[in-house]
Amino acid sequence: MVAEPLLIVEGLRVAYGGIQAVRGITFHINPGEMVALIGANGAGKTSTLKALSRMLDPVGGSIRYQGQEIVKLPPHRLVREGIALVPEGRGVFPRLTIAENLAMGAFTRDDKADIAADLEHVYGLFPRLKEREKQLAGTLSGGEQQMLAIGRALMSRPKLLLLDEPSMGLAPIMVQKIFEVIRMVAAEGMTILLIEQNARLALESSQRGYVMESGEITLTDEASSLLHNPKVREAYLGE
Ligand SMILES: Nc1ncnc2c1ncn2[C@@H]1O[C@H](COP(=O)(O)OP(=O)(O)OP(=O)(O)O)[C@@H](O)[C@H]1O
Ligand SMILES: [Mg+2]
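Residues numbered from 1 in each chain as written. Chains lettered and ligands numbered in written order. Predicted model: local features only at pLDDT ≥ 70, side-chain atom pairs only at ≥ 80, totals over all residues. Heavy atoms only, no water.

As annotated in an unreviewed UniProt entry, the protein chain is ABC transporter ATP-binding protein from Candidatus Proximibacter danicus. Taken from UniProt, the Sequence similarities (unreviewed entry) comment for the protein chain reads in full: "Belongs to the ABC transporter superfamily." (UniProt positions renumbered as here; feature names shortened; annotations may be inferred.)

Okay, structure coming up:
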């Protein structure tokens, strides 16, 4: 007995004026799964995520989340529904401290005791954030900002976490750290859509993967199979 997918995307299309960035893609994510969406620059990964997080209106298709159509849901409702986005480029509030940024992540909640517990949990995942609690986010390193962006998303207690290129622009050691935490969060049962250009890392961390090329999904399989797929190895793993 397989559980109903948490997210089912069907025929999703995104266009900017006349340019079609996403050309009718279909995929799903099961509860508790980490799924990787990999692809080259301009493949349409971020556009897909923007449609999912309702930052833009798709020109076609359906997005069903927990059995409910959300393709027209206003963006501010998403966090309440349990969908949290960690955007490309992190999007932390530079003039707020780490603690204030994390508090912003919980703005839709009023369960004070649970918020406090979640804050401790985030500080447990990222001790470096705890050490720098009062530091302004704008003065943090790129890696620390990425930690903060993930921590802030977790503060909304999401059911579905959308990550756009968490490794982008970071030194290898920091990438390892960030991914260690992403894997821990996944192991706790979080459902995650991971968008990455670092295909190897993404597939090594995920259960399943989708390959996106020029706005279309051209390949999907178990992540371990994709890692051994000659096409993937040649195009995305630099072999
Ligand atoms: N605001 C925009 N206006 C016009 N075209 C856009 C806009 N945003 C993205 N595009 C185009 O849509 C296509 C898909 O872009 P998208 O950012 O989704 O790709 P991506 O897979 O996330 O790439 P990357 O790996 O570089 O982040 C590209 O051709 C891009 O130029
Ligand atoms: Mg992108």
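A. Highlighting the sheet that holds strand β7 (residues 160-164). Taken in spatial order, the six strands line up as β6-β7-β8-β3-β9-β10 in an open sheet, and their pairing is mixed. Of all strands in the sheet, those bounded by a partner on one side alone are β6 (83-86) and β10 (216-222). Looking at each pair of strands side by side, their axes are set apart by 15 degrees on average, direction ignored. For strand β3 (residues 34-39) and strand β9 (residues 208-213), the ladder comprises five bridges, and the chain directions are parallel. When the bridges of β9 are listed, V35 appears paired with R208. Along the sheet, helix α7 (residues 172-187) makes contact with β3, β7 and β8 (191-196), crossing β8 at roughly 155 degrees. (Pairing = 2+ DSSP bridges. Helix = DSSP H or I, 4+ residues; strand = E, 2+ residues; numbered from the N terminus. Axes fitted to C-alpha atoms, helices over the stretch in contact; angles between N-to-C directions. Contact = heavy atoms within 4.5 Å.)

B. Here's a closer look at the pairing of strand β1 (residues 7-16). Note: β1 against strand β2 (residues 19-29), eight bridges, orientation antiparallel. Paired with L7 across the strands is I29, a residue of β2. Linkage of β1 to β2, two consecutive antiparallel strands, is achieved through a turn of two residues, within which G17 is found at a positive phi near 60 degrees. Bridge analysis of β1 against strand β4 (residues 60-65) gives five bridges, and the strand direction is antiparallel. Along β4, the bridge assignment pairs I8 with R64.

C. Structural view of the site of ligand 1. Around ligand 1 there are 13 residues in total, and N41, G42, K45, T46 and S47 lie nearest to it. Between ligand 1 and the protein, one listed contact pairs an oxygen atom with a side-chain N or O atom of Q197 at 2.9 Å. Protein burial of ligand 1: of its 640 Å² of free accessible surface, 62% is covered by the chains. For the shell around ligand 1, the element with the highest residue contribution is helix α1 (residues 45-52), accounting for three residues. Split into classes, the residues belonging to the shell around ligand 1 amount to four nonpolar, six polar and three charged. (Near = heavy atom within 4 Å. Polar contact = N/O pair within 3.5 Å; in protein donor to acceptor, adjacent residues only side chain to side chain. Areas by Shrake-Rupley, 256 points an atom, 1.4 Å probe, with all protein chains shown as cover. Nonpolar A, V, L, I, M, F, W, Y, C, P; charged D, E, K, R; others polar.)

D. The arrangement of the coordination of the magnesium ion (ligand 2) in detail. Note on the magnesium ion (ligand 2): its protein donors are T46 (OG1) and E88 (OE). The metal-donor distances range over 1.9 to 2.6 Å. Separated by 42 residues along the polypeptide, T46 in helix α1 and E88 in the loop between β6 and α3 (98-105) bring together distant segments of the chain. (Donors = N, O, S within 2.8 Å, 3.2 Å for Na, K, Ca; no water.)

E. Representation of the layout of surface pockets. Looking at the largest pocket, its volume works out to about 490 Å³. As for the largest pocket, its lining consists of 21 residues, of which V79, A84, L85, F107 and R152 are closest to the centre. Counting residues per element, the ones that place at least two in the lining of the largest pocket are α2 (75-81), β6, α3 and α6 (142-154). Per-class residue counts for the lining of the largest pocket are 14 nonpolar, five polar and two charged. (1 Å grid on protein atoms, 1.4 Å probe; cavity = no way out; pocket = protein on both sides within 12 Å on 5 of 7 lines; lining within 4 Å. Points joined across faces, edges and corners; volume = space filled by probe spheres on them.)

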